[in-house]
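A structural walkthrough
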Amino acid sequence: MSLFVSCGEVSGDQYAGNLLEALAAGGASLSPWGMGGASCRRAGMEVLWPMEALQLMGVVEVLSHLPRLFRLREELVREVLRRSPRGVVLVDSPDFHLPLARRLRASGYRGSIVNLVPPTVWAWRRGRVRTLRSCMTLCLPLFPFEHAFLTSQGCVSAFRGHPLLDEVEGSSPGEGNRQVAFLPGSRSGEVRRLLPPFLEAAGILGSRGYRPVFSSAPGLREEVRRDLSCRAEAAGFEVCAASGRELLARSACGVLASGTATLEALLLRRPMVVAYAAHPLSMALARWLVRVPFCALPNLLAGKALFPEFLQTAVTGPALAEAARGFLEAPEGRRRELDEEMDRLRDRLGERGVYPFWAERVAEAVAA
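As a starting point, this report considers the structure included with it. Remember, predicted model here, so these are calculated numbers, not experimental data.

1. Quick word on the overall build of the chain
In terms of regular secondary structure, the chain is built from 16 helices and twelve strands. Its C-alpha radius of gyration of 20 Å places the chain within 12% of the 21 Å reference for a compact globule of 368 residues. A principal-axis box enclosing the C-alpha atoms of the chain has dimensions of 60 × 40 × 40 Å. Counting all 368 residues of the chain, 55% fall into the buried class. A separation threshold of at least 6 residues defines the contact pool for the chain, and within that pool the share at least 24 residues apart is 69%. For the chain, the accessible area works out to roughly 15300 Å², and carbon and sulfur atoms hold 52% of it.

Here's what the structure looks like:
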């Protein structure tokens, strides 16, 4: 079965790779190819385009790359039409993948198109529902409230749980753990914006006897990874080559870029301080269009500011350090309450067994 897969994020690459492995484990004879990263390669996918081509953040950043992205989209469309795969799986990156789906349909592609991690139409730009409804054979969202919204809008959606439920188990950081994990993100732009205040916060915490350790995300471009490592090490901080998830599991608290890492911290039962910084124009547009009160996924699930969020100019070293100390130096009773709250949020994420469920639904969609 020829299957075209496209993803442009580290988390999306992991989802796609695990989905391909689950399809193979379920007996599907696969010939996957497309755009992806290391996880897709390990799952046996023929990676013709590296996922780094889509690692952009914010409206303004995307605008400056539009000519290249248009060329890439047309290249993918031509190859899909030439190879005529039984199915197409588009993972996250909606500003690229939704126009790609429309272009494929307009060009005559009649195979199944599955949207894994569909866009947050419940939060902003609800007009994108029309593309999901008209172009996608199936949507596989990550959260129960997303599934309910998509179904209410006439989209074909299936949901079991969040895939991280199968991968992340909560644990205690251990008595006396003074390590603080700093995860400045997986995109080049957000690392450039967040690294200076993260380094300042690490210096403040280090002066108070805590042990800051920085994560160098696997999906970062090599030059950004080198710059992060050089700057962190020059400031006297350790840089961890393991995944951000592994670093969080070994730490008492995390200072994180908003994204999937916040959900990993939640499932690990690690308190977190969340930061988000984008181009000023991108942020202005987001404030105008976005309909939700929080940027961190755990806060959205909780419906309240369970974990501190700092946006744009509010992302400063002293603010991040002070918020982290609020967790690190919290009384035992407060920490126990927070653990119980995080366990309740975990229960809202659905059930385990997500990848086999996805594989069954994708196999059904492609066979239809």
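2. Concerning the pattern of salt bridges
Inspection of every chain in the model, using the stated rule, returns 25 salt bridges. Its salt-bridge partner being E79, residue R83 comes within 2.9 Å of it at the nearest N-O pair. In this pair, R83 and E79 are both assigned in helix α4 (residues 66-83), four residues apart and thus about one turn of the helix distant. Here R83 falls in the partly exposed class, since its relative accessible area comes to 28%. We note a salt bridge from R361 to E364, for which the minimum N-O separation is 2.9 Å. One end of the pair is R361 and the other is E364, both in helix α16 (residues 354-367) and three residues apart, which spans about a single turn. Classification of R361 by relative accessible area gives buried; the value is 19%. Among the charged side chains, a network of salt bridges with common partners joins E46, E79, R82 and R83.

3. Re the sheet that holds strand β5 (residues 112-116)
Pairing is parallel across the open sheet formed by six strands, whose spatial order is β3-β2-β1-β4-β5-β6. A single partner strand is all that each edge strand has here, and the edge strands are β3 (46-50) and β6 (138-140). On average, each strand axis in the sheet is tilted by 15 degrees relative to the strand beside it, whichever way the strands run. With three bridges joining them, β5 and β6 adopt parallel strand pairing. Opposite L116, over in β6, you have L140 as the bridge partner. With respect to the sheet, helix α1 (residues 10-25) is in contact with β1 (2-7), β2 (31-36), β4 (87-91) and β5, its orientation differing from that of β1 by roughly 160 degrees.

4. Brief notes about the sheet that holds strand β12 (residues 309-311)
Pairing between the strands of a sheet is mediated by backbone hydrogen bonds and can be parallel or antiparallel. The parallel open sheet is built from six strands, whose spatial order is β9-β8-β7-β10-β11-β12. Of all strands in the sheet, those bounded by a partner on one side alone are β9 (238-240) and β12. The sheet shows a mean angle of 20 degrees between the axes of neighbouring strands, direction not considered. Two elements, strand β7 (residues 179-183) and strand β8 (residues 211-215), share four bridges in a ladder whose sense is parallel.

5. Re α16
With 14 residues, α16 extends 20 Å between its outermost C-alpha atoms, agreeing within 8% with the 20 Å of an ideal straight helix rising 1.5 Å per residue. Among the residues of α16, V354, Y355, F357, W358, A359, R361, V362, A365 and V366 are the ones counted as buried. In this structure, the buried residues of α16 make contact with β1, α1, β4, β5 and β6.

6. Some thoughts on helix α9 (residues 222-234)
Here α9 contains 13 residues, and its C-alpha end-to-end distance of 18 Å stays within 8% of the 18 Å for a straight helix at 1.5 Å per residue. Those residues of α9 that fall on the buried side of the exposure criterion are V224, L228, S229 and A232. Within α9, the buried residues cover an arc of 130 degrees as seen down the axis, which keeps them to one side. Opposite the packed face of α9, turned more than 90 degrees from it, sit the exposed residues C230, E233 and A234. Where α9 is buried, its residues contact α8 (188-207), β8 and β9. Immediately downstream of α9, the backbone of G236 shows phi near 90 degrees, a positive value.

7. Observations regarding the packing of α8 against α9
Where α8 contacts α9, the axes come no closer than 11 Å and their chain directions differ by 5 degrees. Classified by the angle their axes make, α8 and α9 are roughly parallel. Contacts between α8 and α9 involve S188, V191, L195, P196 and L199 on the former and, on the latter, V224, L228, R231 and A232. Across the contact of α8 with α9, the residue classes break down as seven nonpolar, one polar and one charged.

8. Section: the packing of α4 against helix α5 (residues 94-106)
Packing of α4 against α5 leaves a shortest axis separation of 10 Å and a crossing angle of 45 degrees. As judged from the angle between their axes, α4 and α5 are oblique. Here the hand of the crossing between α4 and α5 comes out right-handed. Residues L69, L72, R73, E74, L76, V77 and V80 of α4 pack against F96, P99, L100, R103 and L104 of α5. Tallied by class, the residues present in the contact of α4 with α5 amount to nine nonpolar, no polar and three charged.

So, how was this worked out
Residues numbered from 1 in each chain as written. Predicted model: local features only at pLDDT ≥ 70, side-chain atom pairs only at ≥ 80, totals over all residues. Heavy atoms only, no water. Helix = DSSP H or I, 4+ residues; strand = E, 2+ residues; numbered from the N terminus. Rg over C-alpha atoms; globule rule 2.2 N^0.38 Å. Buried < 20%, exposed > 50% of the residue type's maximum accessible area, 1.4 Å probe, protein only. Contact = heavy atoms within 4.5 Å. Areas by Shrake-Rupley, 256 points an atom, 1.4 Å probe, with all protein chains shown as cover. Salt bridge = Lys/Arg side-chain N within 4 Å of Asp/Glu carboxyl O. Pairing = 2+ DSSP bridges. Axes fitted to C-alpha atoms, helices over the stretch in contact; angles between N-to-C directions. Expected span 1.5 Å × (residues − 1). Arc of directions from axis to C-beta. Parallel < 35°, antiparallel > 145°, perpendicular 65-115°, else oblique. Nonpolar A, V, L, I, M, F, W, Y, C, P; charged D, E, K, R; others polar. Left-handed = near helix turned anticlockwise from the far one by under 90°.

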